[in-house]
Amino acid sequence: MLKQLMAATLAAGLALAAPLASAQAAYPTKPIRLVVPFAPGGSADVVGRLIAEELRAGLGQPVVVDNRPGAGGNIAGDMVAKSPADGYTLLLAAAGPIAINPSLYGRMPYNPATDLAPVALLARDHQLMAVTPSVPARDVREFIAYAKANPGKVSFGSPGNGTPAHLGGELFNQMAGTQMVHVPYKGSAPAMNDLISGQITVMIDNMPALLPQVQSGRLRALGVASPSRASGAPDIPTVAESGLPGFNVTAWKGLMAPAGVPRAIVVKLNEVAVAALAKPEIRKRLVDLGAEPGGGSPEDFGTLIAKDSRSWAALVKSTGARVD
């Protein structure tokens, strides 16, 4: 009797598992939504639309980009974290909402470490420090002197509270002894527009967003905020070598899914994304934008997130930055 009961239980379990396994093997069978945590036109949006097209080609289903800016990326992150764990809602993850916000915000609507699953690192973003051409500073040293001569009158923009651009400006204030005022926006594009028009003074933001404007002459680059020069713009010195030794702000973009998405789906998404990043035309596109192509396994990406979360937490503590 016991053997018969165990056999029946096993058969029932297999019957329930079969449709799930079949669904995973067939994935995807409908359009996928890629949620971008910032406004259209910024670096996250550019990378998101680039990878969305590659996912479409590799998976054979439409990938719809859904821009959900606000709260430093927390609105988008929370939306994806609370979505069904079926692989049909993905997040264009950025360092801000994933690695920085848990330390910066007094209360988070979700926990990136437990509510989201790493899928693939898409790109490492060089950060670029740029000013409106009306600012009388040609390099970092001259800008520091200008900012000190105008305390409280120099403003720095960011795509939102908690972004690397926000903390980069706070770190610059701390290291250079300046008093720049932070002005948060809902994305890089609106901040950049105000920078171009002179409504704000400076930005330290992802190079993919700012470099085209520098190349067109609408903005002036002062330095790359990353520790090394960008391969896509080797003539621009780093901030560290041009006036502020030790300055280092880096960021990244990646693909994440709600926690609990079946491993087979995570692997499939990772394989398609990594294959796309290996294409010469995609690599060139990212390098031209001022980013370095990513890659690696979901576990590699998870390790990077954990490491960066610790580093950003230390920076948040040292600058005293806080968003309640």
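Our subject is the structure listed above.
What counts as what
Residues numbered from 1 in each chain as written. Predicted model: local features only at pLDDT ≥ 70, side-chain atom pairs only at ≥ 80, totals over all residues. Heavy atoms only, no water. Phe/Tyr/Trp six-rings, centres within 6.5 Å; stacked < 30°, edge-to-face > 60°. Helix = DSSP H or I, 4+ residues; strand = E, 2+ residues; numbered from the N terminus. Buried < 20%, exposed > 50% of the residue type's maximum accessible area, 1.4 Å probe, protein only. Lys NZ or Arg CZ within 6 Å of the ring centre and 35° of its normal. Contact = heavy atoms within 4.5 Å. Axes fitted to C-alpha atoms, helices over the stretch in contact; angles between N-to-C directions. Parallel < 35°, antiparallel > 145°, perpendicular 65-115°, else oblique. Expected span 1.5 Å × (residues − 1). Salt bridge = Lys/Arg side-chain N within 4 Å of Asp/Glu carboxyl O.

A few words on the packing of aromatic side chains. The tally for this structure, following the rule as stated, stands at five aromatic pairs. Each ring, one from F143 and one from F172, has its centre 6.0 Å from the other, and the planes form 65°; the classification is edge-to-face. Of this pair, F143 sits in helix α6 (residues 140–149) while F172 is found in helix α7 (residues 164–176), placing the two residues 29 residues apart along the sequence. Ring geometry for F172 and F247: centres 5.9 Å apart, planes at 80°, overall edge-to-face. Of this pair, F172 sits in helix α7 while F247 sits in the loop between β8 (220–224) and β9 (250–258), placing them 75 residues apart in sequence. The class of F172 is buried, set by a relative accessible area of 0%. Lying over the aromatic face of Y88, K30 brings its terminal NZ or CZ to 4.7 Å of the ring centre.

Turning our eyes to something else, we now look at the environment of A147. In this fold, A147 is placed in helix α6. It is 24 Å that separates the C-alpha atoms of A147 and A189, two residues lying 42 residues apart in sequence. Setting aside chain neighbours within four positions, we find A147 in contact with V154 and T178.

Note the cis peptide between Y27 and P28, where omega equals -5°. Within the secondary structure layout, P28 lies in the loop between α1 (2–26) and β1 (32–36). Notably, A71 is not glycine yet its phi reads approximately 55°, a positive angle. Secondary-structure assignment places A71 in the loop between β2 (63–67) and α3 (74–81).

Another point: the packing of helix α2 (residues 43–59) against helix α11 (residues 280–289). Helix-helix packing: each pair is described by the crossing angle between the helix axes and the interaxial distance. As a packed pair, α2 and α11 sit with axes 12 Å apart at the nearest point and diverge in direction by 175°. By the angle class used here, α2 and α11 are roughly antiparallel. Where α2 abuts α11, its residues V46, V47, L50 and E54 lie against I282, R285, L286 and L289.

On to α7, then. With 13 residues, α7 extends 17 Å between its outermost C-alpha atoms, agreeing within 8% with the 18 Å of an ideal straight helix rising 1.5 Å per residue. Taking burial as the measure, the 13 residues of α7 include 10 buried ones, the bulk of the element. Those residues of α7 that fall on the buried side of the exposure criterion are P164, A165, H166, L167, G168, G169, L171, F172, N173 and A176. Immediately downstream of α7, the backbone of G177 shows phi near 75°, a positive value.

In this structure the tally under the stated criterion is 10 salt bridges. Between R56 and E53 there is a salt bridge, with the nearest N and O atoms lying 2.7 Å from each other. Here R56 pairs with E53, and both are found in helix α2, just three residues apart, close to one helical turn. For E53, a relative accessible area of 40% puts it in the partly exposed group. The partner of K284 in a salt bridge is D288, with the nearest N and O atoms 2.7 Å apart. Within this pair, K284 and its partner D288 are both found in helix α11, separated by four residues, close to a single helical turn. One continuous salt-bridge network, built from bridges that share partners, spans R33, D66 and R68.

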